[in-house]
Structure formats: C-alpha cells, structure tokens
Amino acid sequence: MDLSLNDQVPLVAGEVSRAEPVPFEGFFAEEHARLFAALTAVTGNRQEAEEIMQEAFLRLWERWERVSGLDDPVGYLYRTAMNVFRQRLRRAKVALRRTARLLDRSDAYEAVDAREVVIQGLRSLAPRQRAAVVLTSLYGFRSAEVAEMLGLSPAAARMLATRGRASMRKAVEP
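Fair warning: this is a prediction, and the values are worked out from it, not measured in the lab.

A. Local environment of the overall build of the protein. When its secondary structure is counted, the protein shows eight helices and zero strands. Ordered by position in the sequence, the α and β elements of the protein form the string α-α-α-α-α-α-α-α. In the protein, the proportion of contacts linking residues at least 24 apart, taken out of those at least 6 apart, comes to 58%. Total accessible area on the protein stands at roughly 12600 Å², and carbon and sulfur atoms take up 55% of it.

B. Quick look at the packing of helix 1 (residues 24-43) against helix 2 (residues 46-62). Here helix 1 crosses helix 2 at 145 degrees, and the two axes come no closer than 9 Å. The two elements helix 1 and helix 2 meet at a crossing, and its hand is right-handed. Across the interface between the two elements, F24, F27, F28, E31, H32, L35, F36, L39, T40 and T43 of helix 1 pack against R46, E48, A49, E50, I52, M53, F57, L60 and W61 of helix 2. For the contact of helix 1 with helix 2, the per-class residue count stands at twelve nonpolar, three polar and four charged.

C. Quick look at the side chain of E31. With respect to the secondary-structure elements, E31 resides in helix 1. With residues near it in sequence (within four places) discarded, E31 still touches F57, V74, L77 and Y78.

D. Inspection of helix 8 (residues 154-172) at higher detail. Here helix 8 spans 27 Å end to end across 19 residues, near enough to the 27 Å set by a 1.5 Å rise per residue. Where helix 8 is concerned, the buried positions are A157, L160, A161, G164 and M168. Projection of helix 8 onto a plane perpendicular to its axis shows the buried side chains occupying an angular sector of 95 degrees, all on one side. Across helix 8 from its buried face, at more than 90 degrees, point the exposed residues R163 and K170.

E. How the structure looks around the pattern of salt bridges. One pass over the structure, following the stated rule, counts six salt bridges. Between R88 and E48 there is a salt bridge; the shortest N-O distance is 3.9 Å. Highlighted residues: R88 in helix 4 (residues 73-102) and E48 in helix 2, separated in sequence by 40 residues. Residue E48 is classed as partly exposed on the basis of its relative accessible area, which comes to 23%. Note that E55 and R59 form a salt bridge whose closest N and O atoms lie 2.9 Å from each other. In this pair, E55 and R59 both sit in helix 2, four residues apart, roughly one turn of the helix. E55 gets classed as partly exposed once you look at its relative accessible area, which sits at 31%. Overall, R59 belongs to the partly exposed group, its relative accessible area being 21%. Overlapping salt bridges bring together E48, E51 and R88 as one network.

F. Layout of the side chain of T43. Inspection of the secondary structure assignment puts T43 in helix 1. Side-chain polar atoms of T43 contact the backbone oxygen of N45, separated by 3.1 Å. Beyond its immediate stretch of four places on either side in the chain, T43 contacts E48, A49, I52 and F85.

What counts and what doesn't
- Positions within a chain are numbered from 1, following the residues in the order the chain's sequence is written.
- Only residues with pLDDT of 70 or above have their local features reported here, since the model is predicted, and side-chain atom pairs are shown and tallied only from 80 upward, although totals for entire chains, interfaces and linings are computed over all residues.
- Side-chain numbers come from the whole structure's heavy atoms, not from hydrogens or water.
- Starting at the N terminus, helices and strands are each numbered in turn, a helix being any DSSP run of H or I of at least four residues and a strand any DSSP run of E of at least two.
- Throughout, a contact is declared for two residues whenever any of their heavy atoms are within 4.5 Å.
- What sets the accessible areas is the Shrake-Rupley method with a 1.4 Å probe; for residues, cover comes only from the shown protein chains.
- Each axis is a line fitted through C-alpha atoms, taken for helices only over the stretch in contact, and angles between the N-to-C directions span 0 to 180 degrees.
- Left-handed is the label given to a crossing in which the near helix is rotated counterclockwise from the far helix by less than a right angle, and right-handed is the label when the rotation is clockwise.
- Residues are sorted three ways: Asp, Glu, Lys and Arg are charged, Ala, Val, Leu, Ile, Met, Phe, Trp, Tyr, Cys and Pro are nonpolar, and all the rest, Gly among them, are polar.
- What a helix is expected to span follows from its residue count: subtract one and scale by 1.5 Å.
- Residue exposure (1.4 Å probe, protein chains only): buried if accessible area is under 20% of the type maximum, exposed if over 50%, otherwise partly exposed.
- Directions pointing from the helix axis toward each C-beta atom define the arc.
- When a carboxyl oxygen of Asp or Glu lies within 4 Å of a side-chain nitrogen of Lys or Arg, that pair is called a salt bridge.
- Here a polar contact is taken to be a pair of N or O atoms separated by no more than 3.5 Å, where protein atoms must pair a possible hydrogen donor with a possible acceptor and residues adjacent in sequence count only if both atoms sit in side chains.

The structure is reproduced here in structure tokens:
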C-alpha cells in the first residue's frame, strides 16, 4: 500500500489529518463572526456569547497543533463552545440552588408581628376559650382530647374553640 503526502491518515479514531494545517489567526478570522452569531442566538445575550466565544477560541488555541490537523476543526470549535455554554449553565444552576437554600424566606419582624397579634387575640378570650384555642389550634389536639383535659364534652370543647377563634378574629381586625 503506497501512501502519498496528500492522503489523509487517521491519527486517533475519528481524527483525520490534513496535508496543510491552517494558521490559527486565519481560522479565527474566518470563524469568529459566525460563532458569535450562533452563540448570541443560543444564549440570547451578547456579552455571554462573547465570553463563551473567547473561552472556546482560547481552548482551541491551546490545542491548535492537534486541532488544526483535524478534518473538521470548525465542528470541534462549535462543540467546544457548546460545552463551555453547558458548563456555565450548570454552574449557574448550582449557584442558584445554593443561594436559594441560603436565603431565609421568612421575615423576622413579620414573625414577631404575627406573634404579637396572636398574643393580643388570646388575651381577649376567657380562660376556657383560650385553653381550647391553644390546645386545638396551636398544639393540634383533637376536640375529644381537649374535652378530657378540660373536663368538658367534646361538643363543648369544639364550641369553645370555634367561638374563641371567631372572637380572636374580631379582636385583631384593624
């Protein structure tokens, strides 16, 4: 088998060498506008597209001796750019999740205000009503359990709690 210098020989599976590698500067001049337009369409943001394009060309330049010999360095460039985009997207998602976990969604002052409103409403109740409301609404006991604790019938315990909550609403309305 006779091979001439112009024949393409695979270096590694999927890679084919060219007879004459293109200089990086020429490749950059040919491809940067097209890649920028494609990345702008993908990202929807010109600044982000510019950053991704720069990163992709930098990675290509670092490996130019090998990449320039590929059969399709343009495909390699676009694949690299899309990988950079996906990496940035993944990092942004992780950062967003971490930030969301760190944010305390409750307002400390709002909790204090709500507590004051509840205390004000409870003070307006008779002692048995207050006990029925606290035991059923705040501590989650069933009316039968509250009735046993207060020495009442379950119906009386439900009535005290219901009337107590209604009185509280009236007491705290602005």
